[in-house]
Amino acid sequence: MALNQADFNRLVEEHGAALYRMAYRMIGDQHEAEDMVQEAFRSVWKSRSRYEPERGDRAWLVSILRRRIIDRWRKRPPPKVYAEDQYPEVSVRGDDPFRDEYSDEVQAALDLLPRELRETLLLVVVGELTHQEAADLLDVPLGTVLSRVSRARVRLREYLEACAKYR
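Summary of the structure given here. Keep in mind that this is a model prediction, so the values were computed, not measured. (Residues numbered from 1 in each chain as written. Predicted model: local features only at pLDDT ≥ 70, side-chain atom pairs only at ≥ 80, totals over all residues. Heavy atoms only, no water.)

1. A closer look at helix 5 (residues 115-125)
Count 3.6 residues to each turn of an α-helix, and residues three or four apart come out pointing the same way.
So, point 1. Counted residue by residue, helix 5 has eight buried out of eleven residues, so it is predominantly covered.
So, point 2. Burial in helix 5 covers these residues: Leu117, Arg118, Glu119, Thr120, Leu121, Leu122, Leu123 and Val124. (Buried < 20%, exposed > 50% of the residue type's maximum accessible area, 1.4 Å probe, protein only. Helix = DSSP H or I, 4+ residues; strand = E, 2+ residues; numbered from the N terminus.)

As structure tokens, then:
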């Protein structure tokens, strides 16, 4: 069943904000995150003939967004992960529309996580995918997703506690 204009508009309305939050946390720049979401929805529209309504909409959209972000990283790699004892000064260009939800310290801590931990955590927490949907998207076992999310949360907590000590 092909995706029609009304269903496309519904997908944008229902999932656009969550996709933006995920893109913003993966990229760290408001304008580039907007571009990534726009590219993802452009891809959705181009591939509308392959739309499968029985498949979870959010998981499908996140998988498309993830591919767009990976394509971007191939062109311009994400910032390098710093050694555990180094804490970079991070600034976010423009206003962070989620400044009440995430501080610069949280974004800096996310940037310190290895890519697979950060990506898995963002899929589950920000992308609001179930652990099984994230496992299917990443093509890894469910236990791997559970482990990555747990390790990511522990490391985030450690990074944030260390940042708090230096204030």
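2. Examining the environment of Leu65
So, point 1. Within the secondary structure, Leu65 is located in helix 3 (residues 57-75).
So, point 2. Taking the C-alpha atoms as reference points, Leu65 and Ser43, separated by 22 residues in sequence, lie 8.9 Å from one another.
So, point 3. Apart from the residues within four sequence positions on either side, Leu65 is in contact with Leu19, Met22, Ala23, Met36, Val37 and Ala40. (Contact = heavy atoms within 4.5 Å.)

3. Here we look at the environment of Val62
So, point 1. Looking at where Val62 falls in the secondary structure, it is placed in helix 3.
So, point 2. Classification of Val62 by relative accessible area gives buried; the value is 0%.
So, point 3. Residues Val62 and Ala40, 22 residues apart in the sequence, show an inter-C-alpha distance of 8.6 Å.
So, point 4. When near neighbours in sequence (up to four residues on either side) are disregarded, Val62 contacts Leu19, Met22, Leu123, Gly127, Leu129 and Leu137.

4. Digging into the packing of helix 6 (residues 131-138) against helix 7 (residues 142-165)
So, point 1. The geometry of helix 6 relative to helix 7 is characterised by a closest axis approach of 8 Å and an angle of 110° between their N-to-C directions. Judged by the angle between their axes, helix 6 and helix 7 are roughly perpendicular. Contact residues: helix 6 offers His131, Gln132, Ala134, Ala135 and Leu138, while helix 7 offers Leu142, Val145, Leu146, Arg148 and Val149.
So, point 2. Partitioned by chemical class, the residues of the contact of helix 6 with helix 7 number seven nonpolar, two polar and one charged. (Axes fitted to C-alpha atoms, helices over the stretch in contact; angles between N-to-C directions. Parallel < 35°, antiparallel > 145°, perpendicular 65-115°, else oblique. Nonpolar A, V, L, I, M, F, W, Y, C, P; charged D, E, K, R; others polar.)

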